[in-house]
Amino acid sequence: MKILLFFLMILGLSPKAFSSDYSNFKNADIKSIRAFTKDLGNVVGNSTLYSARALGFGGFDISYKGAYQTKPSLNDTVYEKNKVFGINYIQIGLGLPYRLDTYIRYGGNDGLNLIGGGVRYGLTNVNDQLYKFNVMISLNYNMGLYKDFYILDYGAQLAVSMKLSN
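So, how was this worked out
Residues numbered from 1 in each chain as written. Predicted model: local features only at pLDDT ≥ 70, side-chain atom pairs only at ≥ 80, totals over all residues. Heavy atoms only, no water. Helix = DSSP H or I, 4+ residues; strand = E, 2+ residues; numbered from the N terminus. Buried < 20%, exposed > 50% of the residue type's maximum accessible area, 1.4 Å probe, protein only. Contact = heavy atoms within 4.5 Å. Areas by Shrake-Rupley, 256 points an atom, 1.4 Å probe, with all protein chains shown as cover. Core = buried A, V, L, I, M, F, W, Y, C linked by side-chain atoms within 4.5 Å. Salt bridge = Lys/Arg side-chain N within 4 Å of Asp/Glu carboxyl O.

Draft legend 1. Structural context of the overall build of the chain. A tally of helices and strands in the chain yields two helices and six strands. Secondary structure elements of the chain occur, N-terminal to C-terminal, as α-α-β-β-β-β-β-β. Relative to its 166 residues, the chain shows a buried fraction of 36%. The contacts in the chain between residues at least 6 apart in sequence include a share of 57% that link residues at least 24 apart. Roughly 10300 Å² of accessible area belongs to the chain as shown, and the carbon and sulfur atoms make up 63% of that amount.

In structure tokens, the structure reads:
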């Protein structure tokens, strides 16, 4: 019940609590655009992994994810200063043979639409024993479109996770 209440609270937060207005992009100078692309790239390529455990053949996962940054970079004039900004995603993952997983994702806000996907490979066999590591590498690609700009984002992540209790 607590988990359900937590999700309802998150979904019910006012959109005004977060900065996600891109209309100031047209007025930005080159220094601000560089800072903005760094900030936007941080949230676009984020939140692809939650564990280093492979899904396994036939495994299936649907998740709702959010990637947020607490405030924009100093030179970023596109986002409002000292406001949290981010992007929410829906992600679908599918387990393949040989510790491979693949996933696709869709998200966006305020006119920015993003789609992406990637592959993940478990470098170690899935291990559910206490204090044993699972290690995974992920390669991903995301692209987004807004009326004034587009974004292409490539990424690679290394994840390590461990079971700490029964």
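Alright, that's what it looks like, and here's the rest.
Draft legend 2. Seen up close, the nonpolar core. One finds Tyr22, Phe36, Leu40, Ile87, Leu112 and Phe149 to be the most contacted residues of the largest nonpolar core, which totals 18 residues. For this core, the secondary structure elements donating two or more residues are helix 2 (30–44), strand 2 (85–96), strand 4 (112–122) and strand 6 (149–162). The biggest single contributor to this core is helix 2, with four residues. Residue contacts for Phe36: discarding those within four places in its chain leaves Tyr22, Phe25, Asp76, Val78, Tyr79 and Phe149.

Draft legend 3. The arrangement of the pattern of salt bridges in detail. Tallied over the full model, the rule gives three salt bridges. One salt bridge connects Lys26 with Asp148, and the closest N-O pair in it is separated by 4.0 Å. Highlighted residues: Lys26 in the loop between helix 1 (2–12) and helix 2 and Asp148 in the loop between strand 5 (133–146) and strand 6, separated in sequence by 122 residues. The class of Asp148 is partly exposed, set by a relative accessible area of 26%. With its nearest N and O atoms 3.6 Å apart, the salt bridge here joins Glu80 to Lys83. Residue Lys83 is classed as partly exposed on the basis of its relative accessible area, which comes to 24%.

Draft legend 4. Representation of the environment of Phe57. Tracing the backbone through its elements, the reader meets Phe57 in the loop between helix 2 and strand 1 (60–69). Sequence separation between Phe57 and Leu94 is 37 residues; the distance between their C-alpha atoms is 8.0 Å. If near-sequence neighbours (up to four positions away) are discounted, Phe57 is found in contact with Gly95, Leu96 and Pro97.

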